[in-house]
Amino acid sequence: MFVYALGMGLLFFALGGIITLAFNRDLAVVSIAVGVFAVGMVSGMRDFVPTRMMSTYRETNPAQVTISLSGIVTDDDLARLARVPGVLDIEGLGDLGARWQPNPNAALHDVLITIRPDYVDQKFNTIQLLSGAWPDRDGIAVEQSTVDSFRMPRSGTLTLLVDEREREFKVTGTVQDLGIYPPAYGGPPQFYMSPETAETVFGIRGYDRLRVQVPVFSEKAAQDTVDRLKTQLEKMGVPVLTYLIVPPNKHPLQDTINGIMLILNVMAILTLGLGL
């Protein structure tokens, strides 16, 4: 009986070893296959994403210089700044903040509200109307990634907390802005408001961000133009807070995308290595 039990035990041990070996072998094969697929996919994305991203981005007529101000400039100020040597054209934008609760059970989120002087006749980094209408005196538009991330309706109303007071707004439409950080990647919910609504709600009329193009781009030409604009803005009593020069052949988020691709590529190689 003992010999029989020992024999059966050895048999089951051998079968178990064979099965485990086969399982591990199959697991290794699967791991290698997944690793090869991942490396190939990431390598393909590394070539495709920047090319596709740049192609779409160029269609928005991107500005080469973005200047953030420590103050507000008016439409009259913009007309004066447009005459500064080296400025091909200039456009102002406003950035305001509020808080928003997507649903009764959700936490309050800090939101970014962008004000453009004319949504129908945009100059730089144009945004696209996907549905509904542009923001008007009675309502605001919502960026597509905010709609997707928070599963909010494309119409109706929403309530924002402005200076600790609740304000209800009509949602006029949904837009696509290729120049923002989507909420899914850590960016804030993004809304768009008309200058008239911003003045009524926030008591502010003007712009704290400038977008500029130069006639022929070079780093030096852009920097010289920034220096001249800084001098003029200081005379207006509106100092420059910070500025960014972006070559026309580079997406503002290119470095971020490259970093993500690098991380994905390392993970894919590690997956392949585990299978070898």
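Residues numbered from 1 in each chain as written. Predicted model: local features only at pLDDT ≥ 70, side-chain atom pairs only at ≥ 80, totals over all residues. Heavy atoms only, no water.

A. Summary view of the overall build of the chain. When its secondary structure is counted, the chain shows 6 helices and 10 strands. When each of the 276 residues of the chain is scored for burial, the buried share is 38%. The contacts of the chain with a sequence gap of at least 6 include a subset with a gap of at least 24, amounting to 76%. Counting every atom, the chain has about 15,800 Å² of accessible surface; 60% of that belongs to carbon and sulfur. (Helix = DSSP H or I, 4+ residues; strand = E, 2+ residues; numbered from the N terminus. Buried < 20%, exposed > 50% of the residue type's maximum accessible area, 1.4 Å probe, protein only. Contact = heavy atoms within 4.5 Å. Areas by Shrake-Rupley, 256 points an atom, 1.4 Å probe, with all protein chains shown as cover.)

B. Seen up close, unusual backbone geometry. The residue Asn-61 is not glycine, and still its phi comes out positive at about 55°. Within the secondary structure, Asn-61 is located in the loop between α1 (2-58) and β1 (65-73). For Asn-61, a relative accessible area of 34% gives the class partly exposed. Unlike most non-glycine residues, Asp-163 shows phi in positive territory, near 50°. Its location among the elements puts Asp-163 in the loop between β6 (157-162) and β7 (165-176). Taking the relative accessible area as the measure of exposure, Asp-163 reaches 65% and is therefore exposed.

C. Quick peek at helix α4 (residues 195-202). Of all the residues in α4, the buried ones are Pro-195, Thr-197, Ala-198, Val-201 and Phe-202. Summarising the axial view, the buried residues of α4 lie within an arc of 160°, below the 170-degree limit, and thus occupy one face. Phi turns positive, to about 70°, at Gly-203, one or two residues after α4. (Arc of directions from axis to C-beta.)

D. Region of interest: the confidence of the model for the chain. Looking at the chain as a whole, its pLDDT mean stands at 82, while 71% of the residues score no less than 70. Element-level mean pLDDT values for the chain span from 49 in α1 up to 98 in strand β9 (residues 207-213). Within the model, the stretch residues 1-24 combines pLDDT values under 50 with 0 contacts to residues more than four positions away or in other chains. (pLDDT = per-residue confidence, 0-100.)

E. Spotlight on the environment of Ser-149. Looking at the secondary structure, you find Ser-149 in helix α3 (residues 144-150). When its relative accessible area of 35% is taken as the criterion, Ser-149 is described as partly exposed. Counting along the chain gives 35 residues from Ser-149 to Ala-184, while the straight-line C-alpha distance between them is 6.3 Å. Apart from residues lying up to four places away in sequence, Ser-149 is in contact with Pro-183 and Ala-184.

F. Spatial organisation of the pairing of strand β8 (residues 190-193). Every second residue of β8 is oriented toward a common face, with Gln-190 and Tyr-192 on one face and Phe-191 and Met-193 on the other, all of them buried. Direction of pairing for strand β3 (residues 109-115) relative to β8: parallel, over a ladder of 4 bridges. Within β8, the residue paired with Ile-113 across the bridge is Phe-191. Alignment of strand β5 (residues 139-143) against β8, held across 2 bridges, turns out to be antiparallel. Counterpart to Ala-141 in the pairing with β8 is Tyr-192. (Pairing = 2+ DSSP bridges.)

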